[in-house]
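Here is what each chain is made of, one letter per residue.
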Amino acid sequence: MTFTVTYAQRGEAGAGLRLAGELDLSTAGELNATIDRLVAEGRRELLVDLTELTFCDSTGIAAFVRGDNLVAADGGWLRLTGASGRVARVLQVTGLAEVLAHRRDPTDPTASACS
């Protein structure tokens, strides 16, 4: 299966990313490059939709942590949403399900998931 990363602007400083396919050693570089490009453009709030992600290994986990560290260094955040099945299990076992969980703020009009 192929891996794709698509993204769209989300508010002034944010971006919504949507991952599909398998995130592993051969594809994590694409995610890292996308995050680097968004940070270079001034994006500091990254909401990553994992609804269509079917697999994630340790290099994928490392990419999420790296991305969060990168934006957090400038006061931002990276949050994950939509994980299910094996991907959700990996996030739970590693503790990232809690650390990088997206929690909607009902008073924030930009709090909707990626579109």
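Summarised in this report is the structure supplied together with it. Predicted model, so just to flag it, every value in this text is computed and none were measured.

### Points about the overall build of the protein chain
Helix and strand counts for the protein chain come out as 4 helices and 4 strands. What you see in the protein chain, going N to C, is helices and strands ordered as β-β-α-β-α-β-α-α. A buried classification covers 42% of the 115 residues belonging to the protein chain. Partitioning the contacts of the protein chain with sequence separation of at least 6, the portion at a separation of at least 24 is 67%. Of the accessible surface of the protein chain, which amounts to about 6100 Å², a share of 52% is contributed by carbon and sulfur atoms.

### Quick notes on helix α3 (residues 85-94)
Along α3, the residues that are buried comprise Val 87, Ala 88 and Leu 91. On an axial view of α3, the arc spanned by its buried residues comes to 100 degrees, and they lie on one face. Exposed side of α3, more than 90 degrees from the buried face: Gly 85, Arg 86, Arg 89, Gln 92 and Val 93 are the residues found there. Along its buried surface, α3 packs onto β3 (45-56), α2 (58-72), β4 (77-81) and α4 (96-99). Positive backbone phi, at 90 degrees, marks Gly 95, one or two positions downstream of α3.

### Digging into the pattern of salt bridges
Counting across every chain of the model gives 4 salt bridges. Across the pair Arg 66 and Asp 36 runs a salt bridge whose closest N-O atoms are separated by 2.7 Å. Here Arg 66, found in helix α2, pairs with Asp 36, found in helix α1 (residues 28-40); they are 30 residues apart in sequence, far enough to count as distant. When its relative accessible area of 33% is taken as the criterion, Arg 66 is described as partly exposed. We note a salt bridge from Arg 79 to Asp 68, for which the minimum N-O separation is 3.6 Å. A residue pair is termed long-range when its members are at least 10 positions apart, and Arg 79 in strand β4 and Asp 68 in helix α2 qualify at 11 residues.

### Comments concerning the side chain of Asp 49
Locating Asp 49 in the fold gives a position in strand β3. Using a relative accessible area of 7% as the deciding quantity, one classes Asp 49 as buried. Within the structure, the side chain of Asp 49 is placed 3.4 Å from the side chain of Arg 18, a separation counted as a polar contact. In this structure the side chain of Asp 49 is engaged in a polar contact, spanning 2.5 Å, whose partner is the side chain of Thr 51.

### Quick notes on the pairing of β3
Relative to β3, strand β2 (residues 14-23) is paired through 9 bridges, and the arrangement is parallel. Pairing of Ala 20 across the sheet is with Glu 52, part of β3. As a crossover connection, the stretch from β3 through α2 into β4 is right-handed.

### Brief notes about α2
Spanning 15 residues, α2 covers 21 Å between terminal C-alpha atoms, matching the ideal 21 Å at 1.5 Å per step. Listing the buried residues of α2 in full gives Gly 60, Ile 61, Ala 63, Phe 64, Gly 67, Asp 68 and Val 71. Along α2, the residues classed as buried sweep out an arc of 155 degrees about the axis, all on the same side. Where the residues of α2 are buried, they touch β2, α1, β3, β4, α3 and α4.

Quick notes on the rules
Residues numbered from 1 in each chain as written. Predicted model: local features only at pLDDT ≥ 70, side-chain atom pairs only at ≥ 80, totals over all residues. Heavy atoms only, no water. Helix = DSSP H or I, 4+ residues; strand = E, 2+ residues; numbered from the N terminus. Buried < 20%, exposed > 50% of the residue type's maximum accessible area, 1.4 Å probe, protein only. Contact = heavy atoms within 4.5 Å. Areas by Shrake-Rupley, 256 points an atom, 1.4 Å probe, with all protein chains shown as cover. Arc of directions from axis to C-beta. Salt bridge = Lys/Arg side-chain N within 4 Å of Asp/Glu carboxyl O. Polar contact = N/O pair within 3.5 Å; in protein donor to acceptor, adjacent residues only side chain to side chain. Pairing = 2+ DSSP bridges. Right-handed = clockwise from strand over helix to strand, strands pointing away. Expected span 1.5 Å × (residues − 1).

By themselves, these figures tell us nothing about what the structure is for.
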